[in-house]
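Chain and residue survey
Listed here are the chains, written in short residue letters.
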Amino acid sequence: MSHMIKAGLVGVTGYTGMELARLMVHHSSMELVRVTSRAEAGKRLADIYPFLHRLPLGELVITQPDPADLAEECDVVFLAVPHKTAMEIAATLLDQGVKVVDLSADFRLNDKAVYEQWYATEHTRAGLLPEAVYGLPELYLDRIMGARLIANPGCYPTSAILGLAPALAAGIVETGDIVIDAKSGASGAGRGAKVGTLFCEVTDSFRAYGLPTHRHTPEIEQELSKIAGHGITVSFSPHLLPIDRGILSTIYSRLKGSPSLDEVHDIFTDFYSDKPLVRVLPKGLLPETRHVRGTVFCDIGLVVDPRTNRLVILSAIDNLCRGASGQALMNANLICGLDIDEGLPMAPMMP
């Protein structure tokens, strides 16, 4: 690169904004030049994130979100704001020639009516839906590289889709009886103060939530249906874990025929052979959230149960990194002509 790519971040004070700031510290070809927040404007990043103290990025002053200013200063902008808010900002930035990676749900669903049904609000920029590229590089790498608007996938969908994609593409499982039993760390609920995610409400407990109407359901079904070549309905059951970060999805599917674990493992290994950010674990080894913490890896483990003729797929990601900010940076790298993994840590935060 002959020059640094200038990036903006709208919504810097949430967990996704915090994670993106952490990742950008070590990026050699892209720098944050604008970070915005209505509530914290005027402060330095280091004032709200002490981990940036005495680092150059920590001196960046937070500004009010101003699309005109962002368009003037930035080549690419990350939108880490709630749904409905993102669509209008994205449209303005695109009109000014700025590339956009949207971390909200505003452009993930291809069908305007489906979006409005699940999010109970009008989609005022539906004309952009055909252009938006779903930002899962393992499935849409070529389209992402030529895009100017990326719909960054949700955290649960990333885990579920990557887990199921090889099996659906190979046609080795029945598509009418898929159960996705997923568990997420508390950071998935956002940084805002809510009783349900207070320490005393989460620690030493485990609960399900959002059944059966979690808004990630249509996103999962949309992408799985594309892979399978026909409409798929799944049972999606999210749970809240008493941990900070991480998602483990246990996916139950019924096998067609009686393939062995060796055969299934070969199918998954072949599918991801040229996709190094998904790691199909050796037979007998199952994924753990701690082994992907702070990285963009998705670890997949496989169990074939001959007694029930089920294929059980286990998929682990970090909900803040691969499920949000890290994947957003992967997509920004690609649309800006960089290597997909630039600026992204490959070793997990341990222990």
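One structure accompanies this document, and this report is about it. Numbering of residues starts from 1 in each chain and follows the order in which that chain's sequence is written. In view of the model being predicted, local features appear only for residues whose pLDDT reaches at least 70, and side-chain atom pairs are presented and counted only at 80 or more, with totals across whole chains, interfaces and linings using the full set of residues. To obtain the side-chain values, all non-hydrogen atoms of the structure were used and water was disregarded.

**Considerations on the packing of aromatic side chains**
Centres within 6.5 Å make a pair out of two Phe, Tyr or Trp rings, where for Trp the six-membered ring is used; the pair is then stacked when the planes are under 30 degrees apart, edge-to-face when over 60, and tilted otherwise. In total, this model carries five aromatic pairs according to the counting rule given. Between the aromatic rings of Tyr49 and Phe51, the centroid separation amounts to 5.5 Å while the plane-to-plane angle is 25 degrees, which identifies the pairing as stacked. In this scheme, a residue with accessible area under 20% of its type's maximum is buried, one over 50% is exposed, and one in between is partly exposed, where area comes from a 1.4 Å probe on protein chains only. You can call Phe51 partly exposed: its relative accessible area is 39%. The rule is short: NZ of Lys or CZ of Arg within 6 Å of the ring centre and within 35 degrees of the ring normal puts a charge over the ring. Positioned above the aromatic ring of Phe271, the side-chain terminus of Lys275 is 5.1 Å from the ring centre. Above the plane of the ring of Phe297 lies Arg279, whose end atom (NZ or CZ) is 3.9 Å from the centre.

**Examining the nonpolar core**
Counting 80 residues, the largest nonpolar core has Met30, Leu45, Phe78, Ile180 and Leu311 as its most contacted members. Each helix is a run of H or I in the DSSP string that is no shorter than four residues. Each strand is a run of E no shorter than two, and both are numbered from the N terminus. Counting residues per element, this core draws most heavily on helix 7 (residues 155-170), which supplies nine residues. Excluding anything up to four places from it in sequence, Leu45 contacts Val12, Val35, Leu52, Leu57, Gly58, Leu60 and Ile62. The term nonpolar core refers to a set of buried residues drawn from Ala, Val, Leu, Ile, Met, Phe, Trp, Tyr and Cys, joined through side-chain atoms within 4.5 Å. Among the nonpolar cores identified, the runner-up in size contains 27 residues, and Leu79, Ala86, Leu93 and Leu149 belong to it. Contacts between residues were defined by any pair of non-hydrogen atoms, one from each residue, lying within 4.5 Å.

**A few points about the pattern of salt bridges**
By definition here, a salt bridge exists when the distance from a side-chain nitrogen of Lys or Arg to a carboxyl oxygen of Asp or Glu is within 4 Å. Counted under the stated rule, the structure contains 21 salt bridges. For Lys183, the salt bridge goes to Asp181, with nearest N and O atoms at 3.3 Å. The partner of Asp299 in a salt bridge is Arg279, with the nearest N and O atoms 2.7 Å apart. Separated by 20 residues along the polypeptide, Asp299 in strand 12 (residues 298-305) and Arg279 in strand 11 (residues 278-280) bring together distant segments of the chain. The exposure class of Asp299 is buried, given its relative accessible area of 3%.

**Focus on the environment of Ala105**
Relative to the helices and strands, Ala105 is located in the loop between strand 4 (99-102) and helix 5 (112-119). Residue Ala105 is classed as buried on the basis of its relative accessible area, which comes to 7%. For the pair Ala105 and Asn152, spaced 47 residues apart in sequence, the C-alpha separation works out to 7.9 Å. Ignoring anything within four residues of it in the chain, the contact list for Ala105 reads His83, Tyr115 and Tyr119.

**Structural notes on the packing of helix 7 against helix 9 (residues 217-228)**
Where helix 7 meets helix 9, the closest approach of the two axes is 9 Å, and the angle between their N-to-C directions is 20 degrees. The pairing of helix 7 with helix 9 is recorded here as roughly parallel in orientation. Our pair here, helix 7 against helix 9, has a crossing hand that is right-handed. Contacts from Pro157, Ala160, Ile161, Leu164, Ala165, Leu168 and Ala169 in helix 7 reach Glu219, Ile220, Glu223, Leu224 and Ile227 in helix 9. For helices, the fitted axis covers only the stretch in contact; all axes are lines through C-alpha atoms, and the angles between them, taken along N-to-C directions, range from 0 to 180 degrees. Should an angle fall under 35 degrees it is called roughly parallel, over 145 degrees roughly antiparallel, and 65 to 115 degrees roughly perpendicular, with every other angle called oblique. Left-handed describes a crossing whose near helix is turned anticlockwise from the far helix through less than a right angle; right-handed describes the clockwise counterpart.

**So, helix 1 (residues 15-24)**
For helix 1, every residue scored as buried is listed here: Gly17, Glu19, Leu20, Ala21, Leu23 and Met24. Residues of helix 1 that are buried sit in contact with strand 1 (5-10), strand 2 (30-36), strand 3 (76-79) and helix 11 (321-335).

**Section: the pairing of strand 9 (residues 235-240)**
Most of strand 9 sits inside the fold, with five of its six residues counted as buried. When DSSP finds two or more bridges between two strands, those strands count as paired. Pairing between strand 7 (residues 179-184) and strand 9: six bridges, direction parallel. Among the inter-strand pairings, Asp181 is bridged to a residue of strand 9, identified as Ser237. For strand 8 (residues 207-208) and strand 9, the ladder comprises two bridges, and the chain directions are antiparallel. Across the sheet, the residue bridging to Ala208 is His239, located in strand 9.

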